[in-house]
Amino acid sequence: MTKELHHFIKIHTKHLRRKVKRTLYRFLVDIYEGEIRFSLFHFVCGIFLLFLCVGFFFDAKQIKECPSTASVFGSELTNALRHAAAHEGHSGLDADVTLFLLPDTTDDYALSSFFDAPLYGFYLTGKEISYLPEFAASLSDSFVAGTPYIGGLYFSYNPKRLLYNRATDITLLTKEGTYATLSDDSLYYVIGTESVFSMFHYLSERTFHLLNIQPKNEYGMPVSDYSGRLLRGADGMHTFYNIYRSYLLQNASNESICAASDIYICNSLNTIELFSQINIAGYFLIGNILLLFMLTSFARPHLHRVYIWFRIFLIHQKKRGKVTLRSRISTARVTRRNAA
């Protein structure tokens, strides 16, 4: 039974190979004889479809990002805020997400200004919080105001995905080390410095106002005057200097540093990995690309007519002034017949 099955499979595989070879040979002969014509557009589409088919076989393994100076520094500051909220009774410092623009650690003046900057507490929706990793993945290299650090989130990013659509698998990382799903309409408490507001504006401008982030109060109303969101204590405004100093004096720095964020990188060309979890900016870019291809394929044969009418109505002028509309139409008809 096994031998018969192997013989049956062998015969049908042989016939299938012959059919494939004959079909491919006829296809190449038709191209050579001119019966099938290919344009550059068809060639590019074929290469893209071939890339998508081959991409399904690529590995999509995620690797945890190595800790950097900014991530260690940001984790320390986040742990200091959580320690102050838990042990010193500062309820306003108990944040779901911390957001900093960390300066260069070798610049003493920048570090001093960062520690002396007051802290702000505001609310963001889950949808807006999901835009924050996109800033770190797509725009952190072009933003010169500082290195963004997002504490309290787990996410992965792929630098080979579409721009403004590189961060995926975004979930909330609690202080207990557990993961919680972000709800788009729920409000989450965020603590940051004044510089993060410029980051929101920069993200909105670069993404054509598709990824907008608007700070809110505890009732979900947008806030325009950020001075009302300053965090104040018994000694005045809260700053990182006071909070981190108290954190060090209580020997909390002797404890092991707990990472306040969990970031993974997936540097893969897998098709599913490249086109999964697309946000609104990704749909906008893909739609523009498809529209460009459609215009290229359908409007290209008529471009010479558009050029003729553009030349007649906007460029072509006589010495004694503009030609009349009737003469322009007649000239267009003659030119079109000559072009045909």
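Look up: the structure comes first, before these words.
Note that the structure is a prediction, hence the values are computed from the model and not measured.

Draft legend 1. Quick look at the packing of aromatic side chains. This structure, assessed with the given rule, holds 20 aromatic pairs. Residues F143 and Y202 carry aromatic rings whose centres are separated by 5.0 Å and whose planes lie at 45 degrees to one another, so their mutual orientation is tilted. Placement of the pair is F143 in the loop between α6 (132–138) and β4 (147–151) and Y202 in helix α7 (residues 195–206), with a sequence separation of 59 residues. An aromatic cluster of at least three residues, connected via ring pairs, comprises F73, F100, F114, F115, Y149, F240, Y244 and Y247.

Draft legend 2. Highlighting the environment of T125. Relative to the elements of secondary structure, T125 occurs in strand β3 (residues 119–125). The spatial distance from the C-alpha of T125 to the C-alpha of S183 is 7.8 Å, given a sequence separation of 58 residues. Contact partners of T125, with chain neighbours within four places excluded, come to D184, S186, L187, Y188 and K216.

Draft legend 3. Examining the sheet that holds strand β7 (residues 179–180) more closely. Taken in spatial order, the five strands line up as β1-β11-β5-β6-β7 in an open sheet, and their pairing is mixed. Two strands in the sheet have a free side with no partner beyond their single neighbour: β1 (63–64) and β7. Where strand β6 (residues 167–173) and β7 come together, two bridges link them in antiparallel fashion. Residue pairing for β7: L173 is matched across the bridge by Y179.

Draft legend 4. Quick peek at the sheet that holds strand β2 (residues 97–102). Judged by pairing direction, the sheet is mixed, and its four strands sit side by side in the order β3-β8-β2-β4 without closing on themselves. Two strands in the sheet have a free side with no partner beyond their single neighbour: β3 and β4. Between one strand axis and the next, the sheet turns through 25 degrees on average, direction left out of account. Pairing geometry for β2 and β4, over five bridges, is antiparallel. Bridge pairing in β4 places L102 opposite T147. Strand contacts of helix α3 (residues 69–87): β2, β3, β4 and β8 (187–193), with the helix running at about 135 degrees to β2, the strand carrying the most contacts.

Draft legend 5. Highlighting the pattern of salt bridges. Scanning all chains against the criterion turns up four salt bridges. Here K127 ties to D184 by a salt bridge, and the two come within 3.8 Å at their closest N and O atoms. Here K127 is found in helix α5 (residues 126–129), whereas its partner D184 is found in the loop between β7 and β8, with 57 residues between them in sequence. With relative accessibility at 36%, the residue K127 sits in the partly exposed group. For D184, a relative accessible area of 40% translates into the label partly exposed. For K216, the salt bridge is made with E128, and the minimal N-O distance between the two is 2.7 Å. Highlighted residues: K216 in the loop between α7 and β9 (232–233) and E128 in helix α5, separated in sequence by 88 residues. In terms of burial, K216 and E128 fall into one category: buried.

Calculation notes
Residues numbered from 1 in each chain as written. Predicted model: local features only at pLDDT ≥ 70, side-chain atom pairs only at ≥ 80, totals over all residues. Heavy atoms only, no water. Phe/Tyr/Trp six-rings, centres within 6.5 Å; stacked < 30°, edge-to-face > 60°. Helix = DSSP H or I, 4+ residues; strand = E, 2+ residues; numbered from the N terminus. Contact = heavy atoms within 4.5 Å. Pairing = 2+ DSSP bridges. Axes fitted to C-alpha atoms, helices over the stretch in contact; angles between N-to-C directions. Salt bridge = Lys/Arg side-chain N within 4 Å of Asp/Glu carboxyl O. Buried < 20%, exposed > 50% of the residue type's maximum accessible area, 1.4 Å probe, protein only.

All quantities given are derived from atomic positions and should not be read as evidence of function.
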